[in-house]
Amino acid sequence: MLARALMTPPRWTLAVLGGSGLYAMPGLTDVVSRTVETPYGAPSGPVMEGTLASEGHRDGRPEKVRVLFLPRHGVGHTLSPTEVNYRANICALKLLGATHLLAVSAVGSMREGIAPGDLVVVDQYIDRSRHRASTFFEGGIVGHVGFADPVCPLLSAAVAEAAVAAGAVPAGDASAQAASGEAATAEAATAEAAAARGAAAEPMAPTNGATSMAGPRVHRRGTYLCMEGPQFSTRAESRLYRSWGVDVIGMTGMPEAKLAREAELPFAALAMATDYDCWHEAEEAVSVEAVVATLHRNVEAARRTVRALVSRLPDPAASNAHGAARGAILTAPEAQRPEARRRLSWL
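Residues numbered from 1 in each chain as written. Predicted model: local features only at pLDDT ≥ 70, side-chain atom pairs only at ≥ 80, totals over all residues. Heavy atoms only, no water.

Asks: Quick question: what am I supposed to make of the overall build of the protein here?
Replies: Within the protein, the regular secondary structure consists of 10 helices and 12 strands. Here the protein holds 347 residues, and the buried ones make up 52% of them. Summarising the internal contacts of the protein: among those between residues at least 6 apart in sequence, 84% fall at separations of at least 24. (Helix = DSSP H or I, 4+ residues; strand = E, 2+ residues; numbered from the N terminus. Buried < 20%, exposed > 50% of the residue type's maximum accessible area, 1.4 Å probe, protein only. Contact = heavy atoms within 4.5 Å.)

Asks: Would you explain helix 2 (residues 86-95) in this entry?
Replies: One turn of the α-helix equals 3.6 residues, which is why residues spaced by three or four share an orientation. With 8 of its 10 residues buried, helix 2 lies for the most part within the structure. Within the span of helix 2, buried status applies to Tyr86, Arg87, Ala88, Asn89, Ile90, Cys91, Ala92 and Leu93. Phi turns positive, to about 100 degrees, at Gly97, one or two residues after helix 2.

Asks: I would appreciate a short explanation of the packing of aromatic side chains in the present structure.
Replies: Two descriptors summarise a pair of aromatic rings, namely the distance from one centre to the other and the angle between the planes of the rings. Counting across every chain of the model gives 6 aromatic pairs. Ring geometry for Tyr40 versus Trp346: centroids 6.3 Å apart, planes at 80 degrees, classification edge-to-face. Placement of the pair is Tyr40 in the loop between strand 2 (29-34) and strand 3 (47-53) and Trp346 in the segment after helix 10 (338-343), with a sequence separation of 306 residues. Both residues of the pair, Tyr40 and Trp346, count as buried. For the pair Tyr241 and Trp244, a centre-to-centre distance of 5.4 Å together with 50 degrees between the ring planes defines the contact as tilted. Overall, the relative accessible area of 5% leaves Tyr241 in the buried class. Here the aromatic residues Tyr40, Phe136 and Trp346 are joined through ring pairs into a cluster of three or more. (Phe/Tyr/Trp six-rings, centres within 6.5 Å; stacked < 30°, edge-to-face > 60°.)

Asks: Explain the nonpolar core here, please?
Replies: General note: in soluble globular proteins, nonpolar side chains tend to be found buried as a group. Formed by 44 residues in total, the largest nonpolar core has its most connected members in Ile90, Leu93, Leu101, Tyr125, Phe136 and Phe267. Mapped by element, the contributors of at least two residues to this core are strand 1 (13-18), strand 4 (64-71), helix 2, strand 5 (100-109), strand 10 (223-227), helix 8 (253-262) and strand 12 (267-275). A per-element tally of this core places helix 2 first, with 6 residues. Of all hydrophobic cores here, the second largest spans 36 residues; its members include Leu22, Val159, Ala268 and Val310. (Core = buried A, V, L, I, M, F, W, Y, C linked by side-chain atoms within 4.5 Å.)

Asks: Sorry if this is basic, but what is going on with the pattern of salt bridges here?
Replies: A side chain with one charge can pair with a side chain of the opposite charge if their charged atoms come near. Evaluated as defined, the whole model comprises 12 salt bridges. Ionic pairing is found between Lys258 and Asp127, a salt bridge with its closest N-O pair at 2.8 Å. Of this pair, Lys258 sits in helix 8 while Asp127 sits in strand 7 (residues 124-128), and the two are 131 residues apart along the sequence. Judged by relative accessible area, which is 27%, Asp127 ranks as partly exposed. (Salt bridge = Lys/Arg side-chain N within 4 Å of Asp/Glu carboxyl O.)

Rendered as structure tokens:
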């Protein structure tokens, strides 16, 4: 019996939050639509539950993994970034048994070396959102969790590996590329624009043609700035964020990462670059039309990455999210309101 128990593969569940353009997960089998009510209201919509076949059976991992899929903007993209009920989304996925969480989102590139069509596995965040509930600890219970490293490094490494297995080309560390200045020769127009700004030359991304021939490039690290939206940045904002060392900019990365940590869910983020925001003098300012055109290419790469990820999921017990909320509550037990304790009973 002991030998049989040791051979039993772990029962893990990968939850995927789909962003702009990623509204479905083809390849799921045994699909069931789950309607979930949470202490924070309804999530963005029904959660699609099914199984997804991996590319192989390795290290005792199952050939099929249970997957939960939830498009954060709702069916038909009816919720703006501010309107998304982030707490209900994370809570619903946890209640349905999620053991890992991957957030997929469209972003603007803030670096010359990250071209539209590239993928970035985010490792750091700057939160500039303003109108969103960003914690589960409230209403009479105060809690603080560590957040210095906001993603699970094991799951993030698995996502990067999965992207390469799915056809992406490794591009290295986007931040390090920008800092080092090691890059291909810049096109004349871009070099002149950089000189006019008085900015140091940055590594150039390959042309779209080169990128598409070899598959999308994947950057294994990158800092994500989350703005409130729904408007895109002003040029002044875009230049300011670049001066902070930001690699990509989006509207949904926060508070998802914060809430995932409080929920003790191993978290990783796959950002799909669709444009150069509005800082790039040699490129047109970001528009919905440009974003949508690139999204069609990015979304299929993201789906392939998810399919490759299911055979590479790390042990959630080894994640920096494991036990993250243990000891986080500062409120004395006798001072905790009963309704607040009930609201947190799922954690």
